[in-house]
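# Observations on chain architecture
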Amino acid sequence: MTTNVPAYAVPAANAPLERTTVPRRAVGEHDVLIEIKYAGICHSDIHQARDGWGEGIFPMVPGHEIAGIVTEVGPGVTKYAAGDRVGVGCFVDSCRRCAYCRQGLEQYCAEGMTGTYNALGRDGEPTYGGYSTHIVVDENYTVRIPDGLGLDVAAPLLCAGITLYSPLAHWNAGPGKSVAIVGLGGLGHMGVKIAHAMGAEVTVLSQTLRKEADGRRLGADHFHATGDPETFTKLAGTFDLVVSTVSAPLDLDAYLGLLRTGGTLVNVGAPEEPVSLNLFSVIGGRKTLAGSMIGGIAETQEMLDFCAEYGLGAEIELIDADRINEAYERVLRSDVRYRFVIDASTIR
Ligand SMILES: [Zn+2]
Ligand SMILES: [Zn+2]
């Protein structure tokens, strides 16, 4: 039997969010019921609420940066008990059988992962995200938030944190590596913190020098303005790894020019329009142009443990739920340092 729980939903594409209720399924054999304490606002919530990526399912309850407390577990649950601090990220299920799922790469599931919201679950019912008081999730798609991390600053790690951790780990950011993070927003600020904690030499490439003091405080060794054309000549051939978090189309040739021979440019930001490049930008210097999307469940747990060990939470602005619409406008203006997090106790 389903239970209706309070939530903030987008009733139709481009409409403002409003308070409502949405159904949550009964706690099944392997499910945990989570009382949501905090939910981060991700830029992709706004894309989907405004139907920027097409095929939205409405009403839509966004939110895939969820932190809370387990309040009930199904009879078959072995990993969690009531009272545990847990998180839920961008997906709540996958096929569990394909080669990727079996390798812990559920985000690349051959059948497609089941999004935490704006998706149809494997039971055919729409999924509703974290702007809500409660959620029911399979224990295998739930992660543990270590005691050392505040739930409020941990919430954004479930999307922003893992989106940066996964490529930084995959392409071996660490001592002796020169890493550039493009864009100092919700994603980028976690990239700086994580790359610095991994031991890499970190450079921020931001449109202007406006956020330089922040960037250095977060762990950047260097800070350069991409709005200054000299930056691209000055830094040519400098980096082993460049991770771009910006969703505006990049001048790929210019950014590939910043790589050392054998270097990699990874895009985690997603422009809506196709971008082009001159293939000589990768041929000379045997460079790689790559993409990366969040991380699997095991890697998300590894990221949370890493962030707890190094004391890395997100920099957040905590808001009440009745300010979500205003927060969306501010995110679109890049007027947030660096992530809005909703206090879910204000959703009731
Ligand atoms: Zn996200
Ligand atoms: Zn799969």
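Above this text is the structure in question.
As the structure is a prediction and not an experimental result, all values here were calculated from the model.

Right, let's get into the coordination of the zinc ion (ligand 1). Around the zinc ion (ligand 1), the protein contributes the donor atoms Cys42 (SG), His64 (NE2) and Cys159 (SG), which lie 2.0 to 2.2 Å from the metal centre. Each donor residue of the zinc ion (ligand 1) lies on one chain, and together they are spaced C-x21-H-x94-C. Of the two residues, Cys42 sits in the loop between β3 (31-40) and α1 (43-49) while Cys159 sits in the loop between α3 (151-154) and α4 (160-170), which places them 117 residues apart along the sequence. Overall, the relative accessible area of 5% leaves Cys159 in the buried class.

Our next topic: the packing of α4 against helix α10 (residues 297-310). Close contact between α4 and α10 brings their axes to 10 Å; oriented N to C, the two are set at 95°. Compared by their axis directions, α4 and α10 come out roughly perpendicular. Residue-level contacts link Gly161, Ile162, Tyr165, Ser166 and Ala169 of α4 to Glu299, Thr300, Glu302, Met303 and Phe306 of α10. In terms of residue class, the contact of α4 with α10 is built from 5 nonpolar, 3 polar and 2 charged.

Now for the side chain of Lys193. Assignment of secondary structure puts Lys193 in helix α5 (residues 186-198). A polar contact of 2.7 Å, which involves the side chain of Lys193, links it to the backbone oxygen of Gly313.

Moving on to the coordination of the zinc ion (ligand 2). At the metal site, the zinc ion (ligand 2) is ligated by Cys95 (SG), Cys98 (SG), Cys101 (SG) and Cys109 (SG), and these contacts range over 2.3 to 2.4 Å. Binding-site remark: the zinc ion (ligand 2) is held by donors from one chain whose sequence spacing is C-x2-C-x2-C-x7-C. Per residue, the accessibility class of Cys95 equals that of Cys98, and both read buried.

With that out of the way, let us pick up the pairing of strand β12 (residues 222-225). With 4 bridges joining them, strand β11 (residues 201-206) and β12 adopt parallel strand pairing. The partner of Val204 across the bridge, within β12, is Phe223. Chirality of the crossover, the property in question, places the unit of β11, helix α6 (residues 212-218) and β12 among those that are right-handed.

Moving on, we come to the pairing of strand β5 (residues 85-88). Going residue by residue along β5, you find Arg85 and Gly87 tucked away on one face and Val86 and Val88 tucked away on the opposite face as well. Relative to β5, strand β4 (residues 66-73) runs antiparallel, the two being bridged by 4 bridges. Along β5, the bridge assignment pairs Ile66 with Val88. Note: β5 against strand β9 (residues 143-144), 2 bridges, orientation antiparallel. In the strand pairing of β9, Val86 is matched with Arg144.

For the rest of this paragraph, the subject is the sheet that holds β11. Spatially, 6 strands are ordered β12-β11-β10-β13-β14-β15 in an open sheet, and the strand pairing comes out parallel. Lying at the two open borders of the sheet, with one neighbouring strand each, are β12 and β15 (288-291). Neighbour-to-neighbour, the strand axes of the sheet open up by a mean angle of 20°, direction not taken into account. Strand contacts of α4: β10 (178-182), β13 (239-244) and β14 (259-267), with the helix running at about 160° to β13, the strand carrying the most contacts.

Quick look at the packing of α5 against α10 now. Look at α5 against α10: their axes get within 11 Å of each other, and the N-to-C directions meet at 75°. Compared by their axis directions, α5 and α10 come out roughly perpendicular. Here α5 contributes Ile194, Ala197 and Met198 to the contact with α10, which in turn contributes Phe306, Cys307 and Tyr310.

So, how was this worked out
Residues numbered from 1 in each chain as written. Chains lettered and ligands numbered in written order. Predicted model: local features only at pLDDT ≥ 70, side-chain atom pairs only at ≥ 80, totals over all residues. Heavy atoms only, no water. Donors = N, O, S within 2.8 Å, 3.2 Å for Na, K, Ca; no water. Helix = DSSP H or I, 4+ residues; strand = E, 2+ residues; numbered from the N terminus. Buried < 20%, exposed > 50% of the residue type's maximum accessible area, 1.4 Å probe, protein only. Axes fitted to C-alpha atoms, helices over the stretch in contact; angles between N-to-C directions. Parallel < 35°, antiparallel > 145°, perpendicular 65-115°, else oblique. Contact = heavy atoms within 4.5 Å. Nonpolar A, V, L, I, M, F, W, Y, C, P; charged D, E, K, R; others polar. Polar contact = N/O pair within 3.5 Å; in protein donor to acceptor, adjacent residues only side chain to side chain. Pairing = 2+ DSSP bridges. Right-handed = clockwise from strand over helix to strand, strands pointing away.

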